[in-house]
Amino acid sequence: MVHTPRSARRGALLVSTAAMLGLLAGCGNGSGADVRSDPPAGSPGTAAPARETPGPPASAPATATASAPDTASAPGRTASPAPPRTTAPPDGPTAAVPATSAGGSRCHTSELRASVGRNDPGAGQENFPVVLTNTSGRTCTLRGYPGAAFVNASGGQVGADPKRAPGTPVTVTVRPGQSAWAGLTFSNPEVSGARAATPAGLLVTPPDERDALRVAWPGGPVPVSGNASSVRLTVLSPGTGP
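A brief report on the enclosed structure follows. Note that the structure is a prediction, hence the values are computed from the model and not measured.

### Considering the sheet that holds strand S8 (residues 171-174)
Spatially, the three strands line up as an open sheet ordered S1-S4-S8, and their pairing is mixed. The outermost strands of the open sheet, each flanked by one partner alone, are strand S1 (105-106) and S8.

And the structure:
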């Protein structure tokens, strides 16, 4: 039996103990609860997933035209109304239209033609419509009584001027081609016994005019003097007769 000194055995025991401690330390780093775990490394060539980060809301896109101010959201402020838009005609400003052109102005003698309609006798009376017709290209008006006078062939007046019969004048609007009429009435001379004469024509003067229109008289004898010799005219009415 080989005798080993005590000091050698003690040194060998220390070496063996140190080796065991080193082995246990290495095994403790491989597993255990206190081992820290690092996040897995990404695979080469693969991007990390993007994280959604909430940002400020996107602003509304700008508009090309300005909108009207919101008066409801601004208390104490009132928007002024926009002035009406006016468009000038392509050939310049429009000339003012006379007020009389819309409803027509007074008819003048040169714009009219006179005529005597058919007799409508009754109860010893002779009744002739005296007609004024608009021959112009515009609308005009007639109001009141026309003037009238019987004349002979040489133009001299026969008898007195007709008198105005009671009536209410009205404004008669006559368009081109339209007419107005007034009644000329008198008692038949053969019935009344008045002195009579047969005129050649009748002068008719439109209301408020000075120039007269001459027409042939188709009615035969008319009273010129004596009892019941008066001739009367009525106010003008629309049309050509009753």
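### A closer look at the packing of aromatic side chains
Applying the stated criterion to the full structure yields four aromatic pairs. Judged by centre distance (6.5 Å) and plane angle (50°), the rings of phenylalanine 186 and tryptophan 217 are tilted. A residue pair is termed long-range when its members are at least 10 positions apart, and phenylalanine 186 in strand S9 (residues 179-187) and tryptophan 217 in the loop between strand S12 (213-216) and strand S13 (222-225) qualify at 31 residues. On the basis of relative accessible area, tryptophan 217 is assigned to the buried category, the value being 9%. Aromatic ring contacts, followed pair by pair, group Phe128, Phe150, Phe186 and Trp217 into a single cluster.

### Observations regarding the state of the cysteines
For the coordinates displayed, the defined rule picks out one disulfide. Here cysteine 107 connects covalently by a disulfide to cysteine 140, the sulfurs 1.9 Å from one another. Because the sign of the S-S torsion sets the handedness, a value of about 95° for the bond joining cysteine 107 and cysteine 140 places this disulfide among the right-handed ones. Linking cysteine 107 in the loop between S1 and strand S2 (112-116) with cysteine 140 in strand S4 (residues 140-143), this pair joins segments that are 33 residues apart in sequence.

### Comments concerning the layout of surface pockets
By volume, the largest pocket amounts to about 210 Å³. Lining the largest pocket we find 14 residues, and of these Arg118, Asp120, Asn127, Pro129 and Pro242 sit closest to its centre. For the lining of the largest pocket, the residue count by class is four nonpolar, eight polar and two charged.

### A short note on unusual backbone geometry
The bulk of non-glycine residues show a negative phi, and the bulk of peptide bonds are trans. Positive phi is not limited to glycine here, since alanine 123 has a value of about 55°. Summarising the element assignment, alanine 123 is placed in the loop between S2 and strand S3 (125-134). A relative accessible area of 84% places alanine 123 in the exposed class.

### A short note on the pattern of salt bridges
One pass over the full model with this rule turns up two salt bridges. A salt bridge links glutamate 209 to arginine 106; its shortest N-O distance comes to 2.7 Å. With a gap of 103 residues between them, glutamate 209 in the loop between strand S11 (201-205) and S12 and arginine 106 in strand S1 connect regions that are remote in the sequence. In this structure, the salt-bridge partner of glutamate 111 is arginine 138, at a minimum N-O distance of 2.6 Å. Of the two residues, glutamate 111 sits in the loop between S1 and S2 while arginine 138 sits in the loop between S3 and S4, which places them 27 residues apart along the sequence. On the accessibility criterion, arginine 138 (27% relative accessible area) is partly exposed.

### Concerning the environment of valine 224
Structurally, valine 224 is set in strand S13. Spatially, the C-alpha atom of valine 224 lies 5.9 Å from that of arginine 195, the residues being 29 residues apart in sequence. Those residues in contact with valine 224 that lie beyond four places of it in its chain are Val158, Gly159, Arg195, Ala196, Ala197 and Ser229.

### Points about the pairing of S4
Where S1 and S4 come together, two bridges link them in parallel fashion. Pairing of serine 105 across the sheet is with cysteine 140, part of S4. Where S4 meets S8, four bridges bridge the pair, whose relative direction is antiparallel. The residue of S8 that forms the bridge with cysteine 140 is valine 174.

### Some thoughts on the sheet that holds strand S5 (residues 147-151)
Strand order in the open sheet formed by four strands is S6-S5-S11-S12, and the pairing between neighbours is antiparallel. Each having just a single partner strand, strand S6 (157-158) and S12 make up the two edges of the open sheet. Here four bridges tie S11 to S12, and the two strands are oriented antiparallel to one another. Residue leucine 203 lies in a different strand from S12, and its bridge partner there is arginine 214.

### Focus on the nonpolar core
Membership of the largest hydrophobic core comes to 28 residues, with the highest contact counts inside it found for Leu142, Phe150, Leu184, Leu202 and Trp217. Considering every element that reaches this core, the biggest residue donor is S9, with four residues. Ignoring sequence-local partners within four residues, the contact set of leucine 184 consists of Glu126, Asn127, Phe128, Val130, Phe150, Leu202, Trp217, Val231, Arg232 and Leu233.

Rules used in this analysis
- Residue indices follow the written sequence of each chain, beginning from 1 at its first position.
- Selection of residues for local features in this predicted model requires a pLDDT of at least 70, selection of side-chain atom pairs for listing and counting requires 80 or more, and totals for whole chains, interfaces and linings are taken over all residues.
- Side-chain descriptors were evaluated using all non-hydrogen atoms of the structure, hydrogens and water having been removed beforehand.
- Strands are treated as partners if at least two bridges between them are detected by DSSP.
- Helix and strand assignments come from DSSP, with helices taken as H or I runs of at least 4 residues and strands as E runs of at least 2, each series counted from the N terminus.
- Put simply, two rings from Phe, Tyr or Trp (the six-membered ring, in Trp's case) pair if the centres are within 6.5 Å, and we call them stacked under 30 degrees between planes, edge-to-face over 60, tilted for the rest.
- Each residue is placed in one exposure class: buried if its accessible area under a 1.4 Å probe, protein chains only, is under 20% of its type's maximum, exposed if it is over 50%, and partly exposed if it falls in between.
- Note on disulfides: each one is a pair of cysteine sulfur atoms within 2.5 Å.
- Only protein atoms enter the 1 Å grid used here, on which a cavity is any set of points holding a 1.4 Å probe that cannot leave and a pocket is any open set flanked by protein within 12 Å on both sides along at least five of seven lines; residues with an atom within 4 Å of a point are listed as lining.
- Grid points are joined across faces, edges and corners, and a volume is the space filled by probe spheres set on the points.
- Three classes are used: nonpolar for Ala, Val, Leu, Ile, Met, Phe, Trp, Tyr, Cys and Pro, charged for Asp, Glu, Lys and Arg, and polar for all others, with Gly counted as polar.
- Any carboxyl oxygen of Asp or Glu within 4 Å of a side-chain nitrogen of Lys or Arg constitutes a salt bridge here.
- Working rule for contacts: check all heavy atoms of both residues, and any pair within 4.5 Å makes them a contact.
- Joining through side-chain atoms within 4.5 Å is the link that ties buried Ala, Val, Leu, Ile, Met, Phe, Trp, Tyr and Cys residues into a set, and such a set is a nonpolar core.

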